[in-house]
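# Results of the structural survey
Residue-level listing of the chains:
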Amino acid sequence: MKVLITYISMSGRNEKIANHLADYLGDKAEIDLEQMVDTDAYSIPEYDAVIVVTYTYGDGQVPDEAQDFYEDLLDVDLEKTKFAVLGSSSKTHIHYGRAVDYFTMQLNSANGDQVADSVKINEDPDADDWKRVESLGDYVIKSVK
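One structure accompanies this document, and this report is about it.

Basis of the calculations
- Residues numbered from 1 in each chain as written.
- Predicted model: local features only at pLDDT ≥ 70, side-chain atom pairs only at ≥ 80, totals over all residues.
- Heavy atoms only, no water.
- Salt bridge = Lys/Arg side-chain N within 4 Å of Asp/Glu carboxyl O.
- Helix = DSSP H or I, 4+ residues; strand = E, 2+ residues; numbered from the N terminus.
- Buried < 20%, exposed > 50% of the residue type's maximum accessible area, 1.4 Å probe, protein only.
- Core = buried A, V, L, I, M, F, W, Y, C linked by side-chain atoms within 4.5 Å.
- Axes fitted to C-alpha atoms, helices over the stretch in contact; angles between N-to-C directions.
- Parallel < 35°, antiparallel > 145°, perpendicular 65-115°, else oblique.
- Left-handed = near helix turned anticlockwise from the far one by under 90°.
- Contact = heavy atoms within 4.5 Å.
- Nonpolar A, V, L, I, M, F, W, Y, C, P; charged D, E, K, R; others polar.

## Some thoughts on the pattern of salt bridges
Using the criterion set out here, one finds 6 salt bridges in the structure. The residue Arg132 makes a salt bridge to Asp129 at a minimum N-O spacing of 2.9 Å. Of this pair, Arg132 and Asp129 both sit in helix H4 (residues 127-144), 3 residues apart, which is roughly one turn of the helix. On the basis of relative accessibility, which here comes to 9%, the residue Asp129 falls in the buried class.

This is the structure:
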């Protein structure tokens, strides 16, 4: 089984989350870990599952560096590829974690199969957040077995 974890990170939080998830799932699946700016959305159907890790920018937007990937998803048929979305944000922002919601909607619109509830993490992950991240990963793995 082959899983893509693609992430975008400004502060390093989401890179840390993506790396943790890749390490956690590494003995359960073949993991490709890529920065979103290097990810070709058209290659996603080649995977059994994709996990998107994003932050929310400014007034709730998808990060600028993720726009090409995000927009390309409009033209991709994910052919029921399993997916999950997570990311860090700050509860002090009125649009807390909105990019997580946008990616979830976009992947659903692209005919993906959401297999775990989206996870939003307030700033730096704590012990409970790491459990939620790992649980998301477990759901993804169980969905493709």
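There is more to say, and it comes next.
## Overview of the nonpolar core
Within the largest apolar cluster, 24 residues are counted, with the highest numbers of intra-cluster contacts made by Ile5, Leu21, Ile51, Val53, Leu86 and Leu136. Secondary-structure elements contributing two or more residues to this core are strand S1 (2-7), helix H1 (13-25), strand S3 (49-53), strand S4 (82-89), strand S6 (119-122) and H4. The next biggest cluster of nonpolar side chains, apart from the first, holds 23 residues, and it includes Val62, Leu78, Phe83 and Ala99.

## As for the packing of H1 against H4
At a minimum axis separation of 10 Å, H1 and H4 run at an interaxial angle of 50°. The orientation of H1 relative to H4 falls into the category oblique. Crossing geometry of H1 relative to H4 is assigned as right-handed. Of H4, the residues touching H1 (which contributes Lys16, Ile17, His20, Leu21, Tyr24 and Leu25) are Trp130, Val133, Glu134, Leu136, Gly137, Asp138 and Ile141. By residue class, the composition of the contact of H1 with H4 is 8 nonpolar, 2 polar and 3 charged.

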